[in-house]
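For reference, the chains in residue letters:
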Amino acid sequence: MSATMLRPPRNQADPRAVPWWTVQWLILMVPVAGAAVAAYCILTDRPLWLGVVVAVFAAGCLALALVAPRAAYRVERWEVTDQAVYTRKGWMTHTWQVAPMSRIQRVDTARGPVQRLFGLADVTVTTASSAGAVKIEALDHELAAELAERLTAITQATPGDAT
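Residues numbered from 1 in each chain as written. Predicted model: local features only at pLDDT ≥ 70, side-chain atom pairs only at ≥ 80, totals over all residues. Heavy atoms only, no water.

Caption draft 1: The arrangement of the environment of V98 in detail. With respect to the helices, strands and loops of the structure, V98 is situated in strand 3 (residues 95–100). For V98, a relative accessible area of 40% corresponds to the partly exposed category. Along the sequence, V98 and P113 sit 15 residues apart, while their C-alpha atoms lie 29 Å from each other. In contact with V98, not counting residues within four places along its chain, are L6, A84, V85, Y86 and V134. (Helix = DSSP H or I, 4+ residues; strand = E, 2+ residues; numbered from the N terminus. Buried < 20%, exposed > 50% of the residue type's maximum accessible area, 1.4 Å probe, protein only. Contact = heavy atoms within 4.5 Å.)

Caption draft 2: Looking closely at the sheet that holds strand 2 (residues 84–89). The three strands are arranged 1-2-3 in an open sheet whose pairing can be described as antiparallel. Each having just a single partner strand, strand 1 (77–80) and strand 3 make up the two edges of the open sheet. Neighbour-to-neighbour, the strand axes of the sheet open up by a mean angle of 5°, direction not taken into account. As defined by bridge partners, strand 1 adjoins strand 2 across four bridges and the pair is classed as antiparallel. Note that in strand 2 the partner of W78 across the bridge is T87. Its contacts with the sheet put helix 4 (residues 141–157) on strand 1 and strand 2, and the angle it makes with strand 1 is roughly 40°. (Pairing = 2+ DSSP bridges. Axes fitted to C-alpha atoms, helices over the stretch in contact; angles between N-to-C directions.)

That's the geometry; what it means functionally is another story.
Below is the structure:
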């Protein structure tokens, strides 16, 4: 019996993931920052100290929207071998997900409307695990299609009952 050692995954998301993730963060953070500013203007007597707090909060929201995608791009990795699909995510706590080929039940690709604008797609590998699917995010859409085909072929050729 041989032990398989997993090295850190080698592949990153497509570089176009950074602007796509930035758009996603801005869609979330601009309304949050705007609501804070609106609440300050409408619901208070506008004390200066609270205005400073709201301004810092709004600036922090926008800074987070610009910094978080770049940080995620630096740490998120994925790899597919003949034995498994695995990903590593997380800034402070690295989370690894590993799906052995013999446990794969489904391979799906998804492209949302904003992803299509950036030419990106996600690949989701569903297993018999209660931990959930392994998701490889923000790949070039052609690479995602090729990866789905490759995973399907490897899975079909791998002995096991996928349960």
